[in-house]
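Inside the fold
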2 protein chains.
Amino acid sequence: MRTTEYFIATQKETPADAEVISHQLMLRAGLIRKLAAGLYTWLPLGLKVLRKVEQVVREEMDRSGALEVSMPMVQPAELWQESGRWEQYGPELLRIKDRHERDFCLGPTHEEVITDLVRNEVKSYKQLPVNLYQIQTKVRDEIRPRFGIMRSREFLMKDAYSFHADSESLGATYEVMHRAYSNIFTRLGLDFRPVIADTGSIGGSASHEFHVLASSGEDDIAFSDQSDYAANVEMAEALAPAGERPAPGAEMQEVATPGVKTIDDLARFLKVDPATTVKTLVVNGEEEGVLVALVLRGDHQLNEIKAEKLAGIANPLTMADEDTVRKTCGAGFGSLGPVGLSIPVIVDRSAAHLADFTCGANREEAHLTGVNWERDCALARVEDLREVMAGDPSPDGMGTLQIKRGIEVGHIFQLGTKYSEAMDATVLDENGKSVTMAMGCYGIGVSRIVAAAIEQNHDDRGITWPAAMAPFELVIVPLNMHKSEAVAECALALYQQFREAGVEVLLDDRNERPGVKFADMELIGIPHRLVVGDRALADDNIEYKGRRDDEAQLLSRDSVFADVMRKLDR
Amino acid sequence: MRTTEYFIATQKETPADAEVISHQLMLRAGLIRKLAAGLYTWLPLGLKVLRKVEQVVREEMDRSGALEVSMPMVQPAELWQESGRWEQYGPELLRIKDRHERDFCLGPTHEEVITDLVRNEVKSYKQLPVNLYQIQTKVRDEIRPRFGIMRSREFLMKDAYSFHADSESLGATYEVMHRAYSNIFTRLGLDFRPVIADTGSIGGSASHEFHVLASSGEDDIAFSDQSDYAANVEMAEALAPAGERPAPGAEMQEVATPGVKTIDDLARFLKVDPATTVKTLVVNGEEEGVLVALVLRGDHQLNEIKAEKLAGIANPLTMADEDTVRKTCGAGFGSLGPVGLSIPVIVDRSAAHLADFTCGANREEAHLTGVNWERDCALARVEDLREVMAGDPSPDGMGTLQIKRGIEVGHIFQLGTKYSEAMDATVLDENGKSVTMAMGCYGIGVSRIVAAAIEQNHDDRGITWPAAMAPFELVIVPLNMHKSEAVAECALALYQQFREAGVEVLLDDRNERPGVKFADMELIGIPHRLVVGDRALADDNIEYKGRRDDEAQLLSRDSVFADVMRKLDR
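What counts and what doesn't
- Each chain carries its own residue numbering, running from 1 in the written order of its sequence.
- Chain A is the first chain written and ligand 1 is the first ligand written, with later ones labelled in order.
- At least 70 in pLDDT is required for a residue's local features to be given in this predicted model, at least 80 for side-chain atom pairs to be given and counted, and no such filter applies to totals for whole chains, interfaces and linings, which use all residues.
- The side-chain figures draw on all heavy atoms in the structure; neither hydrogens nor water molecules are used.
- Helix and strand definitions follow DSSP, with helices as H or I runs of at least four residues and strands as E runs of at least two, each counted in order from the N terminus.
- Exposed residues in this analysis have more than 50% of their type's maximum accessible area, buried residues have under 20%, and partly exposed residues fall in between, with area computed by a 1.4 Å probe over protein chains only.
- Note on definitions: a residue-residue contact is assigned when non-hydrogen atoms from the two residues lie within 4.5 Å.
- Accessible surface is computed with a 1.4 Å probe, and the buried area is the amount of it that two parts give up when combined, taken over both parts together.
- By salt bridge we mean one thing: a side-chain nitrogen of Lys or Arg within 4 Å of a carboxyl oxygen of Asp or Glu.
- Nitrogen and oxygen atoms within 3.5 Å of one another constitute a polar contact, given that in protein one can donate a hydrogen and the other can accept it, and given that sequence-neighbouring residues count only through two side-chain atoms.
- Side-chain classes are defined by residue name, with Ala, Val, Leu, Ile, Met, Phe, Trp, Tyr, Cys and Pro counting as nonpolar, Asp, Glu, Lys and Arg as charged, and the others, Gly among them, as polar.
- Strands were regarded as paired on the criterion that DSSP finds at least two bridges between them.
- Overlaid copies result from least-squares superposition on C-alpha atoms, with residues included only where pLDDT is at least 70 in both.
- Disulfides are defined as pairs of cysteine sulfur atoms found within 2.5 Å of each other.
- For helices, the fitted axis covers only the stretch in contact; all axes are lines through C-alpha atoms, and the angles between them, taken along N-to-C directions, range from 0 to 180 degrees.
- Working definition: roughly parallel below 35 degrees, roughly antiparallel above 145 degrees, roughly perpendicular at 65 to 115 degrees, and oblique for all remaining angles.
- Helix crossings are classified by the rotation of the near helix relative to the far one: an anticlockwise turn of less than a right angle makes the crossing left-handed, while a clockwise turn makes it right-handed.
- Confidence scores here are pLDDT values: one per residue, from the predictor, ranging 0 to 100.
- Each pair of aromatic rings taken from Phe, Tyr and Trp, with Trp reduced to its six-membered ring, is defined by centres within 6.5 Å and is described as stacked if the planes are under 30 degrees apart, edge-to-face if over 60, and tilted in the remaining cases.
- Each ring is checked for a lysine NZ or an arginine CZ that lies within 6 Å of its centre and within 35 degrees of its normal; such an atom marks a charge sitting over the ring.

Moving on to the overall build of chain A. Tallying secondary structure elements over chain A gives 15 helices and 30 strands in all. By principal-axis analysis of the C-alpha atoms, chain A measures approximately 95 × 65 × 45 Å. Across the 570 residues in chain A, those meeting the buried criterion constitute 57%. Nonlocal contacts in chain A, meaning residues at least 24 apart in sequence, comprise 68% of its contacts between residues at least 6 apart.

Here you go:
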C-alpha cells in the first residue's frame, strides 16, 4: 500500500480529553476517531489491527472445536424477562421500543438468546457438548464512557457459550477454553496472566480472567514469581506465616493513647511496628442485630470478598454502625481490641500468629500492649481475612507473590445451571431422563485488546506493536523520491519485491520531509523500517531500523530483502 | 469437519410462516433460526456461506482501492438533523434515547457519519478521491419484516462512500465501483444484471442497481438479448416504432359504445386489436387547476415515473378527479379521446405512430374510429410515456428487450452534493478556493445475496449453491461406517486426504440411515458428494454425484482424489 493511496491521519497534538496513553496514541496515530461520547469510528489503519486480533481469536476458537454463529444484536425483552435479567440489569442495558411499541434491548451479552436457541435445537445428550461463539459489536450504555475504546459504548466482543449434559463435560470444555485463550494472547505477543477470579453473585464453580499486564491497568493481579499461579488480589489466598506462634514474652499492660485513632497514629505514638499491632473491625452478622469482630494485623488490609463469604457474616459485607459498636463493645472504632470482647471474634491467620501484640482496650483513648492469644483472650476462629501483599508466599507453595496491574481482556466462567434452569433448557440423558444442561460462557474484549496492547507496548515516540498486531509489517521510506530517480527506482523495486513475497508493506511516497515521515511511522508503530536515500545508495546501502531499536544499521542493497525477510520470520 | 462435531439442524417440514423458497430452504437446511419477527440467528452452516460472500465483497472492494473502516451503529441525532434526514426519515429509522435522554438512531446508512468524518479529516483536493467502505450489521425497523433475511430488521450490508473534488472524479470512481460490483457477482457465480435505475428524489446524476435474476424477484428488469443494456422497467426508454407513420386510410366516424368502459371492452365490442386504439388519461398539471391529457396506445401501460418528470406535469404524478374531467372534457374516464380536447395533450411515441385508430369521443358511451393525427386532431407534443414490453427494440439499438424479475442486491449512486452541501463538507481546490465535495454511495446487501442466490439456485430437493458460496465443497458419506471397517477406513483416509489438500470437506459420520444423510446433504446443497459403501468398495469403486447431476457415477478408488480435485478446479 502507498501512503498517498491510504488514509493516514496522524496528529501532532495530544487530544485534551484523552486520559490514558492508548487513547491518546490511537487518536494521534489515526487509528480511531470519536463520533460521540463512547462511540468511535475505526479508521483504515486501526481497523487493520482490529481485524488481525479478530482473526487470531477466530482461528483459535475454531481450532478449539467451537462453532461460529451470529445472533441478532436486537433482542426481545421476553427472553430477558424469562431469565430475570430484564429487571436485574442496570441502565447499561440499552432498552428500546420498536415501531409497534414492543420492548427490545441491544444485548451486551447473549446468554438468553443462545439458551433459547439450544433448548429448541438440542434434545439429546448425544448432541452435547456444543460450544457456540460469535464475534460481534455490542452496545453497553456506560454512564461515563472513557479511556477511548477501553470503556466505550460500542465494542467488539467475542462471546462463546457451551452446553453440557454434566459438569464434568463443562469442566473439560472450560480447560479447552483456558488453553485457547492462552494461545490467543500468546500469538498476539502480549504479556498476560490467566488469573483466578471471583465467581461473584452468579455462584458458578470456577472463573478465570485473562489480564494484559500494564501499569495503567485497573485491577491488581497477584502472581507467583516461580509458578503459574495468578489471581485477582481479591481472590488470592493469604497463607498463615510459617512456623509456630512465638511464646508470650511480655505482660499485658494498658496505656493511655489520647488522640490515637488509626494504626499509623498508634505506631507513631508508641513507636512500634504496625506489623506488631492488630486492628479490630466490626461488621454486621448474618443474623439481624448480631455484630462480628474481624481482627487483622495492623499493616494488613481487610479483603471484603473473603469476609462476606464466611458463615455468620452478612453478604454483602456492611460495617457496623459506630454508635451500636460503642454501646455493645464499650468503645468506638479507634479503640477496639479482642480482649474481653463480648461479640464473636474472627481472627485473620497472620494476626493469629502474633505474640506480644498491641490492640485497642475497648475503652476510649486506651490501648493494650504485650497482648497474647489464649493467655489474654480466646482464639476461637481463625480465617483468611486479608488481602495478599507483594512478598507474601504464593498460595501454591511455590515462590513469592508479586503484584502488578492488569487490564482484563478475557473472562471464562462456569455458569452451571443459572440460565438453563431459569429458561428450562433440558436434554434427555442416557437413561431417557430430562436433565438441565450445564453452561459455560467465555468472553474476549476484541477491541479492548488493541488498547491494552498499546498500554503495554509504547514509548515516547508512539506505539511499539507486537508483530502479530501491527497494521503493516514494514514501511519503506524513500528520501527525496520526487527528485531522485535512483531513490524512486530502488524504493519501488523493493516495495514490489516485498509485496510479491506477501509482506504487508507500506511505501511512504508522500511529498513530505523525512522527519515528518519518520515521526508518523514511529507513531503508528510499524515494526520494521527501510530508508532509501541517495547517500546510502551511493555505497549500495539501505538503512534499516527496527521500531524498538536504538540505532539504525546499514544493509547491503543486495542482501536487504533476505535480511528483512529473516527479521520477519519468513 | 465431521457432522457429529458440527451443528446440523435440518428440518423435514416446511415452516408454515415462510412464504418464499429461500426462506423455507434456509430454515429447513439449518442456515438460520428466527429469534423474533425480522430477527434471525445465523447458525454455523449459514454463517459459513455469509462469510464467504462477505470475503468476496471485501476482496473486490480492496482491489478497487477502497479502504475499509468501521463506523458506530449508534449515531447521534445531531448529524441527522444537520442533513435534514432526522425529520424526513420514516419509522424504519429506529430512534433511541440513551440513559441521559439524548437522541440517537441505529443507522440504516451512514452518509451523515462518513461526511462528518471526511469534512474533519480531508482539507485539500490532494487528499481526494477517497472511497471508504464498511461491512456492518444494520438495523431497519421494517413495518412488516418478511421473506426471512430478504427483508429482515437486521441485515449485513456493505456500504461505501466516495468523496471527490469534482464530478469527473466521481464519475471515474463510479465506473470503478460498477466494475467491482460486476466482479463480485460474477465471482459468486450469480446470474445478475446491472440495471439503470431511477435516481429518485435525491436527484443524483447516475444510478445503477444490481439485480440477481430470479422468478420470485420483486422488480421487473428489461434487458437486451444482444447487448449489455439493462434497466429497471420504469427506467427503460420506449423507442418510437420504426419508419414513418402510415398515411390515413379511413374516415373518422362516431360509434355508439354503450357500456364500454375499458380498452378490453372496446376491443371486444368493436372487434379491433387494442394496439389500434388509444386511451386517454388525464392527470394534474404542474400549475394548480390545469389538467393534462396523456394519450397511449390501448395495449400500453403508462410509466408514471417517466410522466412525472415531464415539464408541465405535477410531480409526484396524480390522476385528475373524474368530476373535474367530466366538466372540462365533456365525458368521464371511459370515453375520452384526443379529438377536440381543450386541455394540453401529450402523446406517447407509439400512439403517435398510429393511423386510423379508435379513441373515445369525449361524449359518454361514444367512440371514434378511423381517427388520424394532424388530419383529425393536432399532434403538438410527443413524449416517451409508456412502460417497455418484452419484444420492444432495445433502446441502445441492439437487439430486443426481454423482461425478467430480479432481486436487488446492490446499488451504486452518484449522490452529487446532497449531503456535502447540507453538512458543509468542502475542500480547497488547486487555486485555494473552497469547493463542496461530490459524493458517491455504493451499497451491497451482503446477507440478502445469500437469499437471492437460493432463489436462483434450488430444486425440489434443496439448495444448489454456486461453488463460491457453498458452505462445504465436498461431503463424504460413509454407508454403515459403524459396522464396516473397510468403509470407515476408506472414508477417513479420503477425508484426511481432502482436508490436507485444503478442501472444505464434511464427513457425514452420523449413525443415520443413508437416505437421511443423502436428503440432508442435498437439502444443504453441498456441490460434490462421495459415497463410500461396501458394495462399490468390493470393486475398488467410490460413488460420485454432483449436486446438479441426474445420475451418480462410479470412480476408481485410485483416481477418485484426482478426479474430484479436477471437478473442484484445483
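Turning our eyes to something else, we now look at the interface of chain B and chain A. Counting from both sides, the interface comprises 52 residues of chain B and, opposite them, 52 residues of chain A. Taking both sides of the interface into account, the surface hidden between chain B and chain A amounts to around 4,300 Å²; carbon and sulfur atoms contribute 66%. For the chain B face of the interface with chain A, the top three residues by lost area are Phe7, Leu35 and Arg99 of chain B, together amounting to 16%. Counting the contacts that link chain B with chain A gives eight salt bridges. For Asp98 of chain A, the salt bridge goes to Arg153 of chain B, with nearest N and O atoms at 2.8 Å. The tally of links between chain B and chain A comes to 16 residue pairs in polar contact (both at pLDDT 80 or more). For the side of chain B that touches chain A, the class distribution of residues is 32 nonpolar, five polar and 15 charged.

Since one α-helical turn is 3.6 residues long, residues separated by three or four positions face the same way. All names here are of chain B. Residues of helix α15 (residues 560-567) that are buried: Val560, Asp563, Val564 and Met565. Where α15 is buried, its residues touch β26 (474-478), α12 (485-500), β28 (528-532), β29 (541-546) and β30 (553-556). Downstream of α15 by one or two residues, Asp569 has phi in the positive range, about 60 degrees.

Turning next to the pairing of strand β6 (residues 103-106) of chain A. All names here are of chain A. In this sheet, β6 lies alongside strand β4 (residues 74-76) in antiparallel orientation, the contact comprising three bridges. Looking at β6, one finds that Gln75 is bridged to Cys105. When strand β5 (residues 94-97) meets β6, the two strands line up antiparallel, connected through four bridges. Pairing of Leu94 across the sheet is with Leu106, part of β6. Here β5 hands over to β6 after five residues, with Glu101 in that stretch at a positive phi of 65 degrees.

Residues and elements named next belong to chain B. The four strands lie next to each other as β14-β15-β16-β19, forming an open sheet whose pairing is mixed. With one partner strand each, in any of the chains shown, β14 (278-284) and β19 (382-383) form the two edges of the open sheet. Bridge analysis of strand β15 (residues 291-297) against strand β16 (residues 345-348) gives three bridges, and the strand direction is parallel. What sits directly across from Leu294, in β16, is Ile346.

The next subject is the relation of the copies chain B and chain A. Relating the two copies of this chain is a rotation about some axis coupled with a shift parallel to it. Between the two copies, chain B and chain A, the superposition gives an RMSD of 0.1 Å; the rotation angle is 180 degrees and the shift along the axis is 0.0 Å. Both copies are brought into coincidence by an operation consistent with a two-fold rotation axis. Identified as the residue of chain B closest to the rotation axis by C-alpha distance is Ile96 of chain B, at 3.2 Å. A high fraction, 100%, of the interface residues of chain B reappear at the interface in chain A, so the copies pair face to face through one surface.

Take the pattern of salt bridges next. A side chain of one charge can pair with a side chain of the opposite charge if their charged atoms are brought near each other. Under the counting rule described, the total for this entry stands at 100 salt bridges over all chains. Measuring nitrogen to oxygen at the nearest pair gives 2.8 Å for the salt bridge that ties Asp508 of chain A to Arg510 of chain A. Each member of the pair Asp508 of chain A and Arg510 of chain A is classed as buried. Across the pair Arg144 of chain B and Glu19 of chain B runs a salt bridge whose closest N-O atoms are separated by 3.4 Å. Placement of the pair is Arg144 of chain B in the loop between β7 (130-139) and β8 (154-164) and Glu19 of chain B in the segment before α1 (21-28), with a sequence separation of 125 residues. The class for Glu19 of chain B is partly exposed, based on a relative accessible area of 49%. Here the salt bridges do not stand alone but share partners, grouping Arg51, Glu54, Arg58 and Glu68 of chain A together with Arg51, Glu54, Arg58 and Glu68 of chain B into one network.

Turning to the state of the cysteines, a few remarks are in order. For the structure shown, the criterion picks out zero disulfides over all chains. The thiol of Cys329 of chain B is unpaired, and the distance to the nearest cysteine sulfur, on Cys359 of chain B, comes to 13 Å.

Residues and elements named next belong to chain A. Mapped onto the elements, Asp273 comes out in the loop between α7 (263-270) and β14 (278-284). By relative accessible area, Asp273 is classed as partly exposed at 45%. Taking the C-alpha atoms as reference points, Asp273 and Asp299, separated by 26 residues in sequence, lie 8.7 Å from one another. Polar side-chain contacts of Asp273 include one of 2.9 Å to the backbone nitrogen of Ala275.

The next subject is the packing of helix α12 (residues 485-500) of chain A against helix α15 (residues 560-567) of chain A. Residues and elements named next belong to chain A. Following both chains from N to C, one finds α12 and α15 inclined at 45 degrees, their axes separated by 11 Å at the closest point. The angle between the axes of α12 and α15 places the two elements in the oblique class. In this structure, the crossing between α12 and α15 has a hand that is right-handed. Note on element contacts: α15 touches α12 through Val560, Phe561, Val564 and Met565, opposite Leu494, Gln497 and Phe498.

Bringing the confidence of the model for chain A into the picture now. Predicted coordinates in regions of low pLDDT should not be interpreted in detail. Mean pLDDT over chain A: 95, with 99% of residues reaching 70 or higher. With pTM at 0.90, the complex prediction returns an ipTM value of 0.89.

Before going further, it helps to spend a moment on the packing of aromatic side chains. Residue and element names in this part refer to chain B. Applying the stated criterion across every chain, the model contains 18 aromatic pairs over all chains. Considering the side-chain rings of Trp80 and Tyr89, the 5.7 Å spacing of their centres and the 70 degrees angle between planes classify their relative orientation as edge-to-face. Taking 5.6 Å as the distance between ring centres and 45 degrees as the angle between the ring planes, the aromatic pair formed by Phe185 and Phe192 counts as tilted. For Phe192, a relative accessible area of 14% translates into the label buried. In this structure, Lys48 packs its charged tip against the face of Phe472, placed 4.5 Å from the ring centre. Between Arg95 and the ring centre of Trp86, over which it is positioned, the NZ or CZ distance is 5.0 Å.

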